[in-house]
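The primary structure of each chain is shown beneath.
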Amino acid sequence: MSNPFKFGSVVENNFFTDRINETEETKNVLSSSNHLILISPRRFGKTSLVNKVTNSLDRPVIYLDLQLVTDVPDFATHLLKKVLKIDKWENIKHLLANFRLIPTIALNPLTNNMEVSFVPTSSNNFTPLEDVLNLIEKIGEKGKRPIVVFDEFQEIIDLSKTLPKQLRAVIQHHKNINYVFLGSLESIMRQIFETKKSPFYHFGYLMTLKKIPYSDFFDYLKTRFDAVTDKSEILSNEILVFTQQHPYYTQQLAFYCYSFLENEEYQDNILNSVIDNLISMHNNDFERLWNTISKTDKKIMITLALQEKISSIPQPTSTIYSGLKRLLTKGYIIRDEQYELDDPFFKKWLKGKINE
Ligand SMILES: Nc1ncnc2c1ncn2[C@@H]1O[C@H](COP(=O)(O)OP(=O)(O)O)[C@@H](O)[C@H]1O
Ligand SMILES: [Mg+2]
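Residues numbered from 1 in each chain as written. Chains lettered and ligands numbered in written order. Predicted model: local features only at pLDDT ≥ 70, side-chain atom pairs only at ≥ 80, totals over all residues. Heavy atoms only, no water.

**Here we look at the sheet that holds strand β2 (residues 61-65)**
- Spatial strand order, β2-β5-β6-β1-β7: five strands in an open sheet with parallel pairing. Sheet topology places β2 and β7 (205-208) at the edges, where each strand pairs with a single neighbour. Geometrically, the sheet is characterised by an average inter-axis angle of 15° between neighbouring strands, direction not taken into account.
- Looking at chain direction, β2 and strand β5 (residues 147-151) are connected through five bridges and run parallel. Within β5, the residue paired with Y63 across the bridge is V149.
- The sheet contacts of helix α1 (residues 20-30) involve β1 (36-39), β5, β6 (178-183) and β7, and relative to β7 the element is tilted by about 165°.
- Sitting on the sheet, helix α2 (residues 46-56) touches β1, β2, β5, β6 and β7, and the angle it makes with β6 is about 160°. (Pairing = 2+ DSSP bridges. Helix = DSSP H or I, 4+ residues; strand = E, 2+ residues; numbered from the N terminus. Axes fitted to C-alpha atoms, helices over the stretch in contact; angles between N-to-C directions. Contact = heavy atoms within 4.5 Å.)

In structure tokens form, the structure reads like this:
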């Protein structure tokens, strides 16, 4: 049997656990005429959840990760490439004739993919993107309702100042598309969707994704560890205590424990030796990270690592607040129930440093 744990990329089928209510909720929104906004820290499972739901529906899905997009015309190019994948060329060809800037499209015989390029007048030119979005709406008018997923949507803030407003002006008229906006930066996502003066104010149904509940994750781990040890209960619990049910780190740690148990017998200190091994693998990254942050941010990270109160830091509240915001933006800390360090391995590394 191959290792039943997976971390880093989208998980589905056997690697995906729980999220039963969230799956249902996502499905319900997508079968209504509403748009969906899904927020959580990085690596909590947004992409996996939406991928699972959209795969289960017999509808065209256009998925675009905005981290790949470099400017506004590039956004249009990426999107059009995806559109060309969901429908037959014959069905789309005549619609492209209405474009104000005609794209160059060529079949790459090596990959069998369509290569697309616009020759826009400037890096802020919105016209190609508007035309592509309206093209998707036209496809929706004729056939099944497309789902357009914009992953890491907070990135649009950096593409162009006017983009949110322009985007909203076009897609608010679309009646045959469900838009899904995923975001890993809660503060920016809330700024986009929850502040009154933002063009996307209350644009859709807002959902937040939490960590996977203990009992579901426990069962998931235990049944898989049963194949390699009779100490599966103890081990599963210890893993979850260490990772605090963080989806990604739990799968990562479980993966390495499982690898270990495939080759060696269970020992009482197995968890610690796997953890210490992982920490020493990342020692350089941790050092580098630590050296790039400010004194205030270090103080905050240490306080969180030791699970002490933020308010105990002898600095003005505003200074602490800016520090927290900076660390959230970098993804070094997350806010689930409360502020905590994102990476349990880094947390242990840091505690080791403090006690050196
Ligand atoms: N439902 C789930 N069950 C088990 N593991 C999950 C689940 N969702 C996410 N994970 C773990 O978290 C990792 C990151 O998931 P991903 O969907 O890429 O998160 P996000 O899009 O929020 O960054 C996955 O590779 C997997 O290890
Ligand atoms: Mg993602």
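**A look at the packing of α1 against α2**
- Relative orientation of the contacting elements α1 and α2 amounts to 55°, with a least axis distance of 10 Å. One element, α1, and the other, α2, form an angle in the oblique class. Regarding α1 and α2, the two cross each other, and that crossing is right-handed. On α2, the residues that touch E22, T23, T26, K27 and L30 of α1 are L49, K52, V53, T54 and S56.
- Here the contact of α1 with α2 is composed, by residue class, of three nonpolar, four polar and three charged. (Parallel < 35°, antiparallel > 145°, perpendicular 65-115°, else oblique. Left-handed = near helix turned anticlockwise from the far one by under 90°. Nonpolar A, V, L, I, M, F, W, Y, C, P; charged D, E, K, R; others polar.)

**Here we look at the domain arrangement of the protein**
- Taken domain by domain, the protein consists of domain 1 (19-208), domain 2 (214-281) and domain 3 (283-355).
- Placing a centre on the C-alpha atoms of domain 1 and another on those of domain 3 gives a separation of 34 Å.
- The interface of domain 1 with domain 3 comprises five residues on the first partner and seven residues on the second.
- The contact between domain 1 and domain 3 buries some 500 Å² in all, and 54% of this surface belongs to carbon and sulfur atoms.
- Along the lines of polarity and charge, the residues of the side of domain 1 that touches domain 3 split into three nonpolar, no polar and two charged. (Domains from an automatic or database assignment. Buried area = accessible area lost by both parts, 1.4 Å probe.)

**Details of the side chain of N3**
- For N3, the position within the fold is in the segment before α1.
- N3 gets classed as buried once you look at its relative accessible area, which sits at 14%.
- Looking at N3, its side chain comes within polar contact range of the main-chain oxygen of F255, at 3.0 Å.
- When neighbours within four sequence positions are excluded, N3 is seen to be in contact with F15, F255, Y258, S259 and E262. (Buried < 20%, exposed > 50% of the residue type's maximum accessible area, 1.4 Å probe, protein only. Polar contact = N/O pair within 3.5 Å; in protein donor to acceptor, adjacent residues only side chain to side chain.)

**Re helix α12 (residues 270-281)**
- For α12, spanning twelve residues, the distance from its first C-alpha to its last is 17 Å, which sits close to the expected 16 Å at 1.5 Å a residue.
- Regarding α12, the residues found buried are I270, L271, V274, I275, L278 and I279. Along the axis of α12, the buried positions cluster into a sector of 165°, meaning they face one direction only.
- On its buried face, α12 sits against α10 (232-243), α11 (247-263), α13 (283-292) and α16 (344-355). (Expected span 1.5 Å × (residues − 1). Arc of directions from axis to C-beta.)

**Observations concerning the pairing of β1**
- Of the two faces of β1, the one carrying L36 and L38 and the one carrying I37 and I39 are both buried.
- Relative to β6, β1 runs parallel, the two sharing four bridges. When the bridges of β6 are listed, L36 appears paired with V180.
- As paired strands, β1 and β7 are joined by four bridges and run parallel to one another. The partner of L38 across the bridge, within β7, is M207.

**Digging into helix α9 (residues 214-225)**
- Look at α9: 16 Å from first C-alpha to last across twelve residues, which is about the 16 Å you get at 1.5 Å a residue.
- Along α9, the positions that sit buried rather than exposed are F217, F218, Y220, L221, R224 and F225. In an axial view of α9, the angular spread of the buried residues amounts to 165°, which keeps them on one side of the axis.
- The inward-facing, buried residues of α9 contact α10 and α11.

**Observations regarding the packing of aromatic side chains**
- One pass over the structure, following the stated rule, counts 31 aromatic pairs.
- Taken together, a centroid distance of 5.1 Å and an interplanar angle of 40° make the contact between F5 and F225 tilted. You can see F5 sitting in the segment before α1 and its partner F225 sitting in helix α9, a full 220 residues away along the chain.
- On the accessibility criterion, F225 (0% relative accessible area) is buried. (Phe/Tyr/Trp six-rings, centres within 6.5 Å; stacked < 30°, edge-to-face > 60°.)

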